[in-house]
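What follows is the residue order along each chain.
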Amino acid sequence: QVQLVESGGGLVQAGGSLRLSCAASGRTFSVYIMAWFRQAPGKEREFVASINWSGGREYYADSVKGRFTISADSAKNTVYLQMNILKPEDTAVYYCAADSIGYALGRPWDQSGYGYWGQGTQVTVSS
């Protein structure tokens, strides 16, 4: 059992930055991989970035590569998403997800591999 709570969303102008946080609690020692997904109005949920806690390996969607950085602070049981050079198309609800079974390993972009999800935090980028 893992609980996830996102924070850090808000309104920012294009070109600006935001840092999202995902605080994990419960059986965090069992987590293999954590990820960020997002969903814009009228669109399907899409993968943003993931991090493998065993090796620190990171994976990014092409749309955010070079602009976003995912990181983890094991002492605080928290995963971060640093978002730079934000664009209006980044506007969405951002969700934190965790896999404690191993289903997401090798396929971090597949949302079906994650068993735990946060409530989401809104990110709005104005032009």
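Values in this document were obtained by computation on a predicted structure and should not be read as measured data. (Residues numbered from 1 in each chain as written. Predicted model: local features only at pLDDT ≥ 70, side-chain atom pairs only at ≥ 80, totals over all residues. Heavy atoms only, no water.)

Draft legend 1. The side chain of Ser50, seen in detail. Looking at the secondary structure, you find Ser50 in strand β5 (residues 46–52). Aside from chain neighbours lying at most four places away, what touches Ser50 is Ile33, Met34, Ala35, Arg57, Glu58, Tyr59, Ile70, Pro108 and Tyr114. (Helix = DSSP H or I, 4+ residues; strand = E, 2+ residues; numbered from the N terminus. Contact = heavy atoms within 4.5 Å.)

Draft legend 2. Highlighting the layout of surface pockets. Space inside the largest pocket adds up to approximately 160 Å³. Along its surface, the largest pocket is lined by Ile33, Ser50, Ile51, Asn52, Arg57, Glu58, Tyr59, Leu105, Gly106, Pro108 and Trp109. Elements represented by at least two residues in the lining of the largest pocket include exactly β5 and β6 (58–60). Considering each element in turn, the lining of the largest pocket owes the most residues, 3 residues, to β5. When grouped by side-chain class, the residues that make up the lining of the largest pocket number 6 nonpolar, 3 polar and 2 charged. (1 Å grid on protein atoms, 1.4 Å probe; cavity = no way out; pocket = protein on both sides within 12 Å on 5 of 7 lines; lining within 4 Å. Points joined across faces, edges and corners; volume = space filled by probe spheres on them. Nonpolar A, V, L, I, M, F, W, Y, C, P; charged D, E, K, R; others polar.)

Draft legend 3. View of unusual backbone geometry. Not every positive phi belongs to a glycine, and Asn77 is a case in point at roughly 50°. Residue position: Asn77 is located in the loop between β7 (68–73) and β8 (78–83). Residue classification places Asn77 among the partly exposed positions, given a relative accessible area of 27%. The backbone of Ile85 shows a phi angle near 50°, a positive value even though the residue is not glycine. Mapped onto the elements, Ile85 comes out in the loop between β8 and β9 (92–99). (Buried < 20%, exposed > 50% of the residue type's maximum accessible area, 1.4 Å probe, protein only.)

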